[in-house]
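Observations on the three-dimensional arrangement
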Amino acid sequence: MRSRPAAAILMRMSKSIVLATGIALSWSLGVHAQQSQAPNPGQATSPEPPSDIDGETMFATSCGFCHQSGGRAPGKGPKLAGTTRSDDFIAERIRKGKPGAMPAFGSAFSESQVMAIVAYIRTLED
């Protein structure tokens with residue numbers, strides 16, 4: 001068995017901690033957004049997503065670990081700027097992930113959050 005240098009192990013651990021923190025923050029934002037969307041009895045519901053969902057911030061805290069430069073450059077994940085994939089494809093990939101390549105975020109994000117991230121990706125220029 002080959003041993004790894006301590007610096008490499010610490011770097012890998014710190015990346016894992018950053019990813020876990022981003023996922024936890026995203027989940028926390030999702031719970032907050034879902035709670036803020038809960039209508040009061042007798043109150044009409046609005047189809048508009050809540051204004052406190054910021055796709056760019058959500059992307060940075062959850063997706064930016066693998067999609068470098070805010071999605072403008074390839075990293076562990078592909079470059080997303082200028083993608084020709086459909087909104088439906090991107091949203092589904094966020095929800096279900098890609099086995100062995102990308103985690104699923106469907107249980108971490110509300111539908112409004114997924115769509116806010118898709119909208120952010122659409123703002124990226126090549």
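Predicted, not measured: the structure shown is a model, and the values here were computed from it. (Residues numbered from 1 in each chain as written. Predicted model: local features only at pLDDT ≥ 70, side-chain atom pairs only at ≥ 80, totals over all residues. Heavy atoms only, no water.)

1. Quick word on the pattern of salt bridges
For the coordinates displayed, the defined rule picks out four salt bridges. We note a salt bridge from Asp87 to Arg122, for which the minimum N-O separation is 2.6 Å. Highlighted residues: Asp87 in helix α4 (residues 87–96) and Arg122 in helix α5 (residues 111–123), separated in sequence by 35 residues. Using a relative accessible area of 35% as the deciding quantity, one classes Arg122 as partly exposed. (Salt bridge = Lys/Arg side-chain N within 4 Å of Asp/Glu carboxyl O. Helix = DSSP H or I, 4+ residues; strand = E, 2+ residues; numbered from the N terminus. Buried < 20%, exposed > 50% of the residue type's maximum accessible area, 1.4 Å probe, protein only.)

2. With respect to the nonpolar core
Counting 19 residues, the largest nonpolar core has Phe59, Ile94, Phe109, Ile117 and Ile121 as the members making the most contacts within it. Going through the elements one at a time, α2 (55–62), α4 and α5 are the ones with two or more residues in this core. The greatest single-element share of this core, amounting to six residues, is contributed by α5. Those residues in contact with Ile121, other than ones at most four positions away along the chain, are Phe59, Leu80, Thr83 and Ile90. (Core = buried A, V, L, I, M, F, W, Y, C linked by side-chain atoms within 4.5 Å. Contact = heavy atoms within 4.5 Å.)

3. Things to note about the packing of α4 against α5
For the pair α4 and α5, interaxial distance at closest approach is 10 Å and the crossing angle is 125 degrees. Here α4 is positioned oblique relative to α5, judged by the angle of their axes. Handedness of the α4/α5 crossing: right-handed. The residues of α5 that touch α4, namely those facing Asp87, Ile90, Ala91, Ile94 and Arg95, are Glu111, Val114, Met115, Ile117, Val118, Ile121 and Arg122. (Axes fitted to C-alpha atoms, helices over the stretch in contact; angles between N-to-C directions. Parallel < 35°, antiparallel > 145°, perpendicular 65-115°, else oblique. Left-handed = near helix turned anticlockwise from the far one by under 90°.)

4. Examining α4
Taken residue by residue, α4 has Ile90, Ala91 and Ile94 as its buried positions. Buried residues in α4, looked at end-on, bunch into an arc of 95 degrees, giving them a common side. When the buried face of α4 is taken as reference, the exposed residues oriented beyond 90 degrees from it are Asp88 and Lys96. Contacts made by the buried residues of α4 are with α5. Immediately downstream of α4, the backbone of Gly97 shows phi near 70 degrees, a positive value. (Arc of directions from axis to C-beta.)

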